[in-house]
Amino acid sequence: DPMRISAKGRYALASVVHMAQQQHSGESITLVSISERLGISKIYLEQVFSLLKRADLVNSVKGAQGGYLLSSSPSQIRVLDVLTAVETGLFDKTEDTVPEKAPEIEFAMRECAFEALDQAVAVALSQVSLEDLVFASEKHKGETAAMYYI
């Protein structure tokens, strides 16, 4: 299944959307505050943020007011950027199916189905920015969590 987003990818995305919501303050955000706000373990966030930092999506700020800042404006950072930074297997090649007995079917599936799917996913995820997610989350702010308990 090519599109299983791991916990790491989902936590990374939630964290940077939260950061994007706070971006206007210009202040860096600590992992402790993200951990408390989103209920994600700080140890887990440390792994996620080392990957986000390696991909130049966040900058770390040292010192007493230390923490992290997004490296670009939320309109510039795409969901695809965030997921590819932390999801090592996001576009892993689909395993071979019938390479020995029916290589022509193998090629056809790869070319017309699997590669097309990866391409469509990449396009979709590159069209959505953190800013889009902030707008969408604002829209749903008043709604209660009740809808998840139906």
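Residues numbered from 1 in each chain as written. Predicted model: local features only at pLDDT ≥ 70, side-chain atom pairs only at ≥ 80, totals over all residues. Heavy atoms only, no water.

Colleague: Kindly report on the packing of helix α1 (residues 7-22) against helix α6 (residues 130-139), identifying the contributing residues and their values.
Modeller: Here α1 crosses α6 at 80°, and the two axes come no closer than 9 Å. Taken together, the axis directions place α1 and α6 in an arrangement best described as roughly perpendicular. For the pair α1 and α6, the contacting residues are Leu13, Val16, Val17, Ala20 and Gln21 in the first and Leu130, Leu133, Val134, Ser137 and Glu138 in the second. Here the residues of the contact of α1 with α6 sort into 7 nonpolar, 2 polar and 1 charged. (Axes fitted to C-alpha atoms, helices over the stretch in contact; angles between N-to-C directions. Helix = DSSP H or I, 4+ residues; strand = E, 2+ residues; numbered from the N terminus. Parallel < 35°, antiparallel > 145°, perpendicular 65-115°, else oblique. Contact = heavy atoms within 4.5 Å. Nonpolar A, V, L, I, M, F, W, Y, C, P; charged D, E, K, R; others polar.)

Colleague: Any details on the environment of Glu95? Residues and values, ideally.
Modeller: As for its position among the elements, Glu95 is in the loop between α4 (79-86) and α5 (103-126). By relative accessible area, Glu95 is classed as exposed at 67%. Residues Glu95 and Val134, 39 residues apart in the sequence, show an inter-C-alpha distance of 36 Å. Apart from residues no more than four positions distant in its own chain, Glu95 is found in contact with Glu106 and Arg110. (Buried < 20%, exposed > 50% of the residue type's maximum accessible area, 1.4 Å probe, protein only.)

Colleague: Explain helix α3 (residues 42-54) to me, and be specific about the residues and the numbers.
Modeller: Between its first and last C-alpha atoms α3 spans 18 Å; for 13 residues at 1.5 Å apiece the expected length is 18 Å, and the two agree. The inward-facing, buried residues of α3 abut α1, α2 (31-38), β1 (58-61), β2 (67-70) and α4. Following α3 by one or two positions, Asp56 adopts a phi angle in the positive range, close to 60°. (Expected span 1.5 Å × (residues − 1).)

Colleague: Please give an account of the side chain of Glu87 that cites residues and values.
Modeller: Relative to the elements of secondary structure, Glu87 occurs in the loop between α4 and α5. Buried charge without a partner: Glu87 forms no salt bridge, and the closest opposite charge is Arg10, 6.6 Å away. Only 3.4 Å separates the side chain of Glu87 from the backbone nitrogen of Gly9, close enough to count as a polar contact. Residues within four places of Glu87 in sequence aside, it is in contact with Arg4, Ile5, Ser6 and Gly9. (Lys, Arg positive; Asp, Glu negative; His and termini not counted. Salt bridge = Lys/Arg side-chain N within 4 Å of Asp/Glu carboxyl O. Polar contact = N/O pair within 3.5 Å; in protein donor to acceptor, adjacent residues only side chain to side chain.)

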